[in-house]
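Summary of structural features
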Amino acid sequence: MTNSEQTSVLITGGNKGLGFEAARRLGEQGWAIFLGSRDEGRGRAAARKLTDGGANVVVVPLDVTSEESVTDAVRLVREHTDRLGPVAW
């Protein structure tokens, strides 16, 4: 199932620091957040905080240094949306 109406973004390292803050701000604006995290537990903890704030979050286990991990992440994102939107700050 895909959603082409809601703007979506994949944020690598979305479970902490600048990635988390970007996810929080875009989530507040109604974006669907694909939260990339090498550590799935930390990603899920961050996602809970974001969803408590009203964000629509999907945790994406992702290690950008692993081709297999990136391929799996692409597959997971495509299960939810047919595109990711550009982010302009």
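**Description of the environment of Ala23**
Tracing the backbone shows Ala23 in helix H1 (residues 17–28). In the structure, Ala23 is positioned eleven residues away from Phe34 in sequence and 8.6 Å away in space, judged by C-alpha atoms.

**Some words on the sheet that holds strand E3 (residues 56–61)**
With respect to topology, three strands assemble into an open sheet ordered E1-E2-E3, the strand pairing being parallel. If you trace the sheet from one side to the other, it starts and ends with strand E1 (8–11) and E3, each paired once. Across the sheet, the axes of successive neighbouring strands diverge by a mean angle of 20°, strand direction being ignored. Relative to the sheet, helix H2 (residues 40–52) contacts strand E2 (32–37) and E3, its axis offset from that of E3 by approximately 175°. Together, E2 and E3 form the strand contacts of helix H3 (residues 67–80), whose direction differs from that of E3 by roughly 155°.

**Regarding a nonpolar patch on the surface**
A surface patch of nonpolar side chains, about 220 Å² in accessible area, is lined by Val64, Val70 and Val74. Within the secondary structure, Val70 is located in helix H3. Relative accessible area serves as the criterion here: at 32%, Val70 is assigned to the partly exposed category.

Conventions used here
Residues numbered from 1 in each chain as written. Predicted model: local features only at pLDDT ≥ 70, side-chain atom pairs only at ≥ 80, totals over all residues. Heavy atoms only, no water. Helix = DSSP H or I, 4+ residues; strand = E, 2+ residues; numbered from the N terminus. Pairing = 2+ DSSP bridges. Axes fitted to C-alpha atoms, helices over the stretch in contact; angles between N-to-C directions. Contact = heavy atoms within 4.5 Å. Patch = residues over 30% accessible without salt bridge, like charges linked within 9 Å, V, L, I, M, F, W, Y side chains within 5 Å. Areas by Shrake-Rupley, 256 points an atom, 1.4 Å probe, with all protein chains shown as cover. Salt bridge = Lys/Arg side-chain N within 4 Å of Asp/Glu carboxyl O. Buried < 20%, exposed > 50% of the residue type's maximum accessible area, 1.4 Å probe, protein only.

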